[in-house]
Amino acid sequence: MRRLIKKGTKLYSVLNNLCPKCQSSKFWPENNPFKNIFVKNGGDIGNCSNCQLKFEVELGFWYGAMYVSYAISVFISILSWVLINTFTKDISILNEILIISCSLIFMSPVVYYFSRLIWINIFISFSEN
Ligand SMILES: [Zn+2]
């Protein structure tokens with residue numbers, strides 16, 4: 001699966017945690033989203049160590065990642081809801097809300113990780129040099 005996605009595509013950068021421009025240096029210090037939240041500055045490394053791309057392109061650039069984060073959160077909520085209703089019968093709406101909320105809280109480091117990667121890949125494309 002990994003070999004099907006070629007270097008130079010945005011999906012390659014997002015799935016392999018790479019700088020969107022050079023795709024040879026890491027975007028987050030750790031590949032595991034749960035480890036990143038315990039790293040200094042929430043894992044924000046500022047610049048690419050290879051091509052010196054400033055990840056926060058302009059002041060407040062990461063506010064846009066909120067919209068990506070919102071979309072991912074809605075997807076997780078719908079997925080949880082489908083899974084709950086597939087594997088359980090007669091569950092109260094309050095318990096459903098509780099399970100969906102807990103899954104969102106648990107997945108928040110993953111949402112944070114992918115929302116920034118997707119957001120920066122929307123604006124910055126791969127270039128060889
Ligand atoms: Zn780079």
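The residue numbers shown here count from 1 along each chain, following its written sequence. This being a predicted model, a pLDDT of at least 70 is required before a residue's local features are given, and a value of 80 or more before pairs of side-chain atoms are given or counted; all residues contribute to the totals for chains, interfaces and linings.

How should I be thinking about the overall build of the protein chain in this particular structure?
Looking only at helices and strands, the protein chain features four helices and zero strands. Secondary structure of the protein chain in N-to-C order comes out as α-α-α-α. Principal-axis analysis of the C-alpha atoms gives the protein chain an extent of 60 × 35 × 25 Å. Contacts here follow a simple rule: the backbone-placed C-beta atoms of the two residues must lie within 7 Å. Across the protein chain, contacts joining residues at least 24 apart in sequence account for 58% of those joining residues at least 6 apart. Helix and strand assignments follow DSSP, with helices taken as H or I runs no shorter than four residues and strands as E runs no shorter than two, numbered in order from the N terminus.

How should I be thinking about the packing of helix α3 (residues 65-87) against helix α4 (residues 93-123) in this particular structure?
When two helices pack together, their arrangement is given by the angle between their axes and by how far apart the axes lie. Every axis corresponds to a line fitted to the C-alpha atoms, with the helix fit spanning only the stretch in contact, and the corresponding angles, defined between N-to-C directions, vary from 0 to 180 degrees. Interhelical geometry of α3 versus α4 gives an angle of 145 degrees and a closest axis separation of 8 Å. Crossing handedness for the pair α3 and α4: right-handed. Of the residues in the contact of α3 with α4, the class split is 15 nonpolar, six polar and two charged. Less than a right angle of anticlockwise turn of the near helix away from the far helix marks a crossing as left-handed, whereas a clockwise turn marks it as right-handed. For this scheme, ten residues count as nonpolar: Ala, Val, Leu, Ile, Met, Phe, Trp, Tyr, Cys and Pro. Four count as charged, namely Asp, Glu, Lys and Arg, and the remainder, Gly too, count as polar.

How do you make sense of the nonpolar core when you look at a structure like this?
Soluble globular proteins: nonpolar side chains tend toward being buried together. Counting residues in hydrophobic clusters, the biggest one holds 12 residues: Leu18, Cys19, Phe27, Trp28, Cys48, Val111, Tyr112, Tyr113, Leu117, Ile118, Trp119 and Ile120. Filtering out sequence-adjacent residues up to four positions away, Ile120 remains in contact with Pro20 and Phe55. By convention in this section, buried Ala, Val, Leu, Ile, Met, Phe, Trp, Tyr and Cys residues joined through C-beta atoms within 7 Å make up a nonpolar core. The burial criterion counts other C-beta atoms lying within 10 Å of a residue's C-beta, which is placed from the backbone; the residue is buried at 20 or more, exposed at 12 or fewer, and partly exposed between these limits.

How do you make sense of α4 when you look at a structure like this?
One turn of an α-helix holds 3.6 residues; hence residues three or four places apart share an orientation. Two axes enter the bend calculation: one fitted to the seven residues ending at the residue in question, the other to the seven starting there, and the bend is the angle between them. Its axis deflected by about 55 degrees at Met107, α4 carries its strongest bend there, up to four residues before the proline Pro109. Listed in full, the buried residues belonging to α4 are Val111, Tyr112, Tyr113, Ser115, Arg116, Leu117, Ile118, Trp119, Ile120 and Asn121. The elements touched by buried residues of α4 are α1 (10-15), α2 (33-36) and α3.

Mind showing me how you'd approach the environment of Glu30 here?
Residue position: Glu30 is located in the loop between α1 and α2. For the pair formed by Glu30 and Gly43, sequence separation is 13 residues and the distance between their alpha carbons is 7.8 Å.

What am I meant to see in the environment of Cys102 here?
With respect to the secondary-structure elements, Cys102 resides in helix α4. On the neighbour-count criterion, Cys102 (11 C-beta atoms within 10 Å) is exposed. As a C-alpha pair, Cys102 and Trp28 span 74 residues in sequence and 25 Å in three-dimensional space.

I keep staring at unusual backbone geometry and nothing clicks. Help me out?
Comment: phi is negative for the bulk of residues other than glycine, and the bulk of peptide bonds are trans. Even without a glycine there, the phi angle at Gln52 is positive, about 65 degrees. Mapped onto the fold, Gln52 is located in the loop between α2 and α3. Positive phi, normally seen in glycine, also occurs at Asp90, with a value near 55 degrees. With respect to the secondary-structure elements, Asp90 resides in the loop between α3 and α4. According to the C-beta neighbour criterion, Asp90 is exposed, with 4 such atoms within 10 Å.

Explain the environment of Ser125 to me, please; I cannot follow it from the model alone.
The topology assignment puts Ser125 in the segment after α4. A tally of 12 C-beta atoms within 10 Å means that Ser125 is categorised as exposed. The spacing of Ser125 and Phe27 is 98 residues in sequence and 14 Å in space, taken between C-alpha atoms.

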